[in-house]
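Topology and contacts: notes
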Amino acid sequence: MTAAGEAYGLFTSLTGTEPAGSWSAPGRVNLIGEHTDYNDGFVFPFATPHRTHVALGRREDGRIRVVSTFDPVPVEVALADLDALFPARRDEVVEWARYPLGVAWALLQATGADPASVPGVDLAFASDVPVGAGLSSSAAIESATGSALNDVWGLGLDRVAVARAGRTAENEAVGAPTGIMDQMAAMLGETDAGTFLDCRTLDAQVIELGFARAGLDLVVMDTRVTHAHSTGGYGERRAACERGAAAMGVPALRDVRPDQLARVQELVDDVTFRRVRHVVTENQRVLDAVRTLREQGPRAIGDLLYASHVSMRDDFEISVPELDLAVESARAAGAIGARMTGGGFGGAAIALVAHDTVGAVTDAVRAAFADAGFTEPHIFTVRPSEGARRDS
Ligand code: GLA
């Protein structure tokens, strides 16, 4: 059954009624620009064909109830109580439900709407976005929830404001100190296009990727090594970036140019320097990738993708052996470019591959994983797809 059908089925069995509507939002693959978003820098993600679907119905008692195929035990709370729950008492909510309930809370906060002035809701979720694969299943559930509640509550927010509410939920209701890339990608994605985003101004340009026309496929290699950004490494990397910016006396690493790196090296310890160098060079690589794509087409961006991986592996130190092996074996089998994607410490790598080489690359990566004794990777192609929408 499709995820849309599952969400519908879950809703009708929960409530015994028909939903008022259904919405969906995608995951994202980041083509290039990693750990640049919270440094006010540039990113270039696209939306996946995998989506999280939500079926929604109104209720008369001012309560919100959420249920998901991952955990069929519904979670229910009065809208008026959300404010007491988040962020202070978020631990009382089962983790997955912090995403949708956190978005409801963030939307009420952002608009100043009185919880008594909006209808209660039942929300049933199902998703085919792989969880823990670095494809931002979290942004998918946040953006589906945000789009649905924005419509049903008549809040009139634009897509960027819904993305901001998703990020607030992730930061404060879930407690993951992430940037805004994933939510913007999920809200603004368009078919066969990437979203080139300035994370300081939130100016976004939708740029045609032209993979299919150039005879290319984008291959995702999910290593099945799971990660969580609410713990450990992600926050440490973010803190190192803040130290680097403070040492340079700028608001964010966005304001450090590549020709200033020698100065950074004089001011900070070696580890902090390498964290800064990743972000500063990665920002430049995003700008170069967008320009190269426009001037020469997607076949010309391969070296930038690989340079991004090397920088994450050696300077930012967020790769793992499985990601490195996926990247190296894809390249050795003829991929035009490859890199890990997302926050790191697990998840997926991507490879840009000529259509007739996809089979060879897939076989090579599988064989390399088997030889290394790693868990079999999940390998599939993705076509850049549409952002959040109402489906019915
Ligand atoms: C995670 C976060 C994003 C971004 C990436 C790294 O996906 O949610 O905000 O920081 O990591 O680029």
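Heads up: the structure comes first, above all this text.
Just so we're clear, the structure is a prediction, and the values are computed from it rather than from any experiment.

Calculation notes
Residues numbered from 1 in each chain as written. Predicted model: local features only at pLDDT ≥ 70, side-chain atom pairs only at ≥ 80, totals over all residues. Heavy atoms only, no water. Helix = DSSP H or I, 4+ residues; strand = E, 2+ residues; numbered from the N terminus. Rg over C-alpha atoms; globule rule 2.2 N^0.38 Å. Buried < 20%, exposed > 50% of the residue type's maximum accessible area, 1.4 Å probe, protein only. Contact = heavy atoms within 4.5 Å. Areas by Shrake-Rupley, 256 points an atom, 1.4 Å probe, with all protein chains shown as cover. Near = heavy atom within 4 Å. Polar contact = N/O pair within 3.5 Å; in protein donor to acceptor, adjacent residues only side chain to side chain. Salt bridge = Lys/Arg side-chain N within 4 Å of Asp/Glu carboxyl O. Axes fitted to C-alpha atoms, helices over the stretch in contact; angles between N-to-C directions. Parallel < 35°, antiparallel > 145°, perpendicular 65-115°, else oblique. Left-handed = near helix turned anticlockwise from the far one by under 90°. Nonpolar A, V, L, I, M, F, W, Y, C, P; charged D, E, K, R; others polar. Pairing = 2+ DSSP bridges. Core = buried A, V, L, I, M, F, W, Y, C linked by side-chain atoms within 4.5 Å.

Counting secondary structure elements, the protein chain contains 12 helices and 12 strands. The globule rule puts the C-alpha radius of gyration for 392 residues at 21 Å, and the 21 Å found for the protein chain is close to it. Viewed in the frame of its principal axes, the protein chain has a C-alpha envelope of about 60 × 50 × 40 Å. By residue count, 59% of the 392 residues in the protein chain fall in the buried class. Within the protein chain, residue pairs in contact and separated by at least 24 positions form 73% of the contacts whose partners lie at least 6 positions apart. When the accessible surface of the protein chain is split by element, carbon and sulfur atoms take 48% of a total near 14,800 Å².

The next point concerns the site of the ligand. The immediate surroundings of the ligand are formed by 13 residues, with Glu34, His35, Asp37, Asp182 and Tyr234 found nearest. In this structure, Asp37 approaches the ligand through a side-chain N or O atom, which is 2.5 Å from an oxygen atom. A distance of 2.5 Å is found between an oxygen atom of the ligand and a side-chain nitrogen or oxygen belonging to Tyr234. Here the ligand has 310 Å² of accessible area as a free molecule, and 98% of this is covered by the chains.

If you walk through the whole model with that rule in mind, you get 30 salt bridges. A salt bridge links Arg213 to Glu208; the nearest nitrogen and oxygen atoms lie 2.6 Å apart. Here Asp259 and Arg257 are joined by a salt bridge, their closest N and O atoms 3.1 Å apart. Classification of Asp259 as exposed rests on a relative accessible area of 59%. The partly exposed category is assigned to Arg257, whose relative accessible area is 48%. Within this structure, Arg59, Asp61, Arg63, Arg65, Glu76 and Asp122 form a network of salt bridges that share partners.

Let us now look at the packing of helix α11 (residues 321–332) against helix α12 (residues 358–372). Packing of α11 against α12 brings their axes to within 9 Å, and their N-to-C directions diverge by 140°. On the basis of the axis angle, α11 is oblique to α12. Taken as a pair, α11 and α12 cross one another with a handedness that is right-handed. Between α11 and α12, the contacting residues are Glu322, Leu325, Ala326, Ser329 and Ala330 on the first element and Val361, Ala364, Val365, Ala368, Phe369 and Ala372 on the second. Along the lines of polarity and charge, the residues of the contact of α11 with α12 split into nine nonpolar, one polar and one charged.

All right, on to the sheet that holds strand β8 (residues 216–222) then. The antiparallel open sheet is built from four strands, whose spatial order is β9-β10-β8-β11. The sheet terminates laterally at β9 (337–340) and β11 (378–382), the two strands that pair on one side only. Put simply, the sheet's adjacent strands are angled 20° from each other on average, direction ignored. Inspection of the sheet shows β8 paired to strand β10 (residues 348–354) by seven bridges, in the antiparallel sense. Looking at β10, one finds that Leu218 is bridged to Leu352. Strands in contact with helix α10 (residues 302–316) are β9 and β10; relative to β9, the strand with the most contacts, it is inclined by about 30°.

Bringing the nonpolar core into the picture now. Judged by nonpolar contacts, the single largest core of 51 residues is most densely connected at Leu56, Ile64, Val66, Leu82, Phe86, Leu101 and Trp153. In terms of residue count, the dominant contributor to this core is helix α3 (residues 95–111) (10 residues). Excluding its chain neighbours within four sequence positions, the residues that come into contact with Ile64 are Val75, Glu76, Val77, Leu79, Leu101, Ala104, Val121 and Leu123. By size, the runner-up hydrophobic cluster in this structure holds 36 residues, among which are Val264, Met312, Ile318 and Val327.

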